[in-house]
Amino acid sequence: AARAPRRGLPPPQAAYAGSGDAPPARRSKSDLRAEVYRAADALGAAESALSLRRAADRTDGAANPHLRAARRLRDLCAANGGAYVKVGQHLAALDYLLPAEYNHVLRALFDDVPRSEYADVREVVREELGAYPEELFSRFDETPIASASLAQVHVAADKKDPARLYAVKVQHRGLRERSYGDVRVVRAAVGMVERMFQNFKFGWLASEIAPQLLYELDFTREGKNAERAERHMREAGIKEDDCIVPKIYWEYTAPRVLCMSYEPGFKSTDMEAIQKAGLRPRSVMLCFHHLLLI
C-alpha cells in the first residue's frame, strides 16, 4: 500500500501547481559551493565591522570595569610568567564565555611575552644535552625568533652541514620547577574566589589547565605528537606541499629542548603576509579546516 502523505506538508511540486510559477531548478554543487563562499565572505566582513565597533567601545578604561580588570589580569600574568601566561592565553580563547574586553586584551599574551636571557638558554641546553649550543651547532642565534609562555625558539645550523638549519625550542629556565607551585596557587586562588562569590563558576578552568600544562612541559611528548600528526595527515591524503610538519631531530631533543627542521612561515591570521606570499586566504582557511577534520 502507498504511504499516506504527511498532513500539512504537500509534495514539493504541489506548492507550484496552479500558481503559474515553475518549480526551482535543481542547483549544481558548484553553484551551491560558490554561494557558501559568498555567504562566508559577507559574514567575515560583518564580523570585522563589529570587531572595529567593539574596539572603539573598549578604549576608555575609566568607564569600562571589564577593560580595567582585563588589563590588570594581563599585567599580572605577564609579570609572573610561565603558568600564569598559559592561564591568560586560555582565558583569551574563551570569547564565547567571557566579556569581549578580556578576549581583546588577553590576546597580547600570545605574542608579547618575556624572553629568557641567553645565558639561561645556554644553561638549559647544557643541562639537557650535555654541551653548550656553540659546541653542538656551527651557529646558534642568540636572539630568538619567537617566544611563548613556556619556551622560546632559536635558529641554529648543523655542525657538519651549515646549510641545514634547525629551529631549537628551549624551555624557560626554572619554569618546570616553578610550574608545580604555580598550579597549586592558581587552584587555591580560584577555589577561594568560588567560596567568596557564589555566582563565580570557573573552578573547572584550573582543573582543565593544570594537567595539560604539566604534559606540555615535556617536549619529548610534543615531538612524538608531531610525528604522529604527520602520519595521520599523509594517510589522509594531505600532501607535504600543502602542510609541512617539521622533522624532529631526536639527537638534539630532551624534555626541555626540542630540535626541529627550520620551516620559515607566518601566522595563519596574518592576512597581509598571506597575500604577499601569493596565497588565497580562502584556500588557507579550507586547508586549516581540513586539518582539523582528519
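Colleague: So what exactly am I meant to see when it comes to the layout of surface pockets here?
Modeller: Remark: the empty space left among the atoms is shown by a probe the size of a water molecule rolled over them. Approximately 2,200 Å³ is the volume attributed to the largest pocket. Forming the boundary of the largest pocket are 46 residues, of which Glu-263, Gly-265, Phe-266, Lys-267 and Ser-268 lie nearest the centre. Elements supplying a minimum of two residues to the lining of the largest pocket: helix H3 (83–92), strand E2 (146–147), strand E3 (151–157), strand E4 (165–171), helix H9 (219–235), strand E5 (257–261) and helix H11 (281–293).

Colleague: Looking at this model, I keep getting lost on the packing of aromatic side chains. Mind explaining?
Modeller: Given two aromatic rings, their pairing is described by the distance between the two centres and the angle made by the two planes. As enumerated under the stated definition, the model contains 6 aromatic pairs in all. Taking 5.8 Å as the distance between ring centres and 65 degrees as the angle between the ring planes, the aromatic pair formed by Tyr-166 and Tyr-252 counts as edge-to-face. Taken together, the positions of Tyr-166 in strand E4 and Tyr-252 in the loop between H9 and E5 put the pair 86 residues apart, joining distant regions of the chain. Judged on exposure class, the residue Tyr-166 and its partner Tyr-252 are both buried.

Colleague: I'm lost on the packing of helix H2 (residues 65–80) against H3 in this one. Help?
Modeller: It is at 7 Å that the axes of H2 and H3 come closest, and there the two elements cross at 145 degrees. Here H2 contributes Leu-73, Cys-77, Ala-78 and Asn-80 to the contact with H3, which in turn contributes Tyr-84, Val-85, Gly-88 and Leu-91. Split into classes, the residues belonging to the contact of H2 with H3 amount to 6 nonpolar, 2 polar and no charged.

Colleague: Sorry if this is basic, but what is going on with empty space enclosed by the protein here?
Modeller: Applying the stated criterion across every chain, the model contains 2 cavities of 30 Å³ or more. In this structure, the largest cavity spans a volume of roughly 70 Å³. Every residue lining the largest cavity is listed: Ala-83, Val-87, Asp-182, Val-183, Val-186, Arg-187, Ala-206, Ile-209, Ala-210 and Leu-213. Its residues assigned to classes, the lining of the largest cavity comprises 8 nonpolar, no polar and 2 charged. Space inside the second largest cavity adds up to approximately 30 Å³. Lining the second largest cavity are Ser-116, Asp-120, Val-121, Val-124, Gln-152, Val-170, Gln-171, His-172 and Arg-173. Where the lining of the second largest cavity is concerned, the elements lending two or more residues are helix H5 (118–129) and E4.

Colleague: Sorry if this is basic, but what is going on with a nonpolar patch on the surface here?
Modeller: The grouping of Tyr-96, Leu-97 and Trp-204 at the surface amounts to a nonpolar patch, some 340 Å² of accessible area in total. Within the element layout of this structure, Leu-97 appears in the loop between H3 and helix H4 (100–106).

Colleague: Just to check I follow, could you spell out the pairing of E3 for this structure?
Modeller: Walk down a regular strand and you will see the side chains alternate between the two sheet faces. For E3, the buried fraction is high: 7 of the 7 residues fall into the buried class. Neither face of E3 is exposed, since Ala-151, Val-153, Val-155 and Ala-157 on one face and Gln-152, His-154 and Ala-156 on the opposite face are all buried. In this structure, strand E1 (residues 139–140) lies alongside E3, joined through 2 bridges in antiparallel fashion. Within E3, the position partnered with Phe-140 by the bridge is Ala-156. Where E2 meets E3, 2 bridges bridge the pair, whose relative direction is antiparallel. Each bridged residue has a counterpart across the sheet, and for Ala-146 the counterpart in E3 is Val-153. Linking two consecutive strands that pair antiparallel, namely E2 and E3, is a turn of 3 residues. Here E3 pairs with E4 via 7 bridges, running antiparallel. Bridging from a neighbouring strand, His-154 pairs with Val-168 of E4.

Colleague: Can you walk me through the packing of H3 against helix H7 (residues 175–196) in this structure?
Modeller: Angle between the axes and distance between the axes are the two parameters that describe a pair of packed helices. Closest axis-to-axis distance for the H3/H7 pair is 9 Å, and the angle between their directions is 55 degrees. With respect to each other, H3 and H7 are oriented oblique. Of the residues in H7, those touching H3 at Ala-83, Tyr-84 and Val-87 are Leu-175, Asp-182, Val-185 and Val-186. When its residues are assigned to classes, the contact of H3 with H7 shows 6 nonpolar, no polar and 1 charged.

Analysis parameters
- Residues numbered from 1 in each chain as written.
- Predicted model: local features only at pLDDT ≥ 70, side-chain atom pairs only at ≥ 80, totals over all residues.
- Heavy atoms only, no water.
- 1 Å grid on protein atoms, 1.4 Å probe; cavity = no way out; pocket = protein on both sides within 12 Å on 5 of 7 lines; lining within 4 Å.
- Points joined across faces, edges and corners; volume = space filled by probe spheres on them.
- Helix = DSSP H or I, 4+ residues; strand = E, 2+ residues; numbered from the N terminus.
- Phe/Tyr/Trp six-rings, centres within 6.5 Å; stacked < 30°, edge-to-face > 60°.
- Buried < 20%, exposed > 50% of the residue type's maximum accessible area, 1.4 Å probe, protein only.
- Axes fitted to C-alpha atoms, helices over the stretch in contact; angles between N-to-C directions.
- Contact = heavy atoms within 4.5 Å.
- Nonpolar A, V, L, I, M, F, W, Y, C, P; charged D, E, K, R; others polar.
- Patch = residues over 30% accessible without salt bridge, like charges linked within 9 Å, V, L, I, M, F, W, Y side chains within 5 Å.
- Areas by Shrake-Rupley, 256 points an atom, 1.4 Å probe, with all protein chains shown as cover.
- Salt bridge = Lys/Arg side-chain N within 4 Å of Asp/Glu carboxyl O.
- Pairing = 2+ DSSP bridges.
- Parallel < 35°, antiparallel > 145°, perpendicular 65-115°, else oblique.

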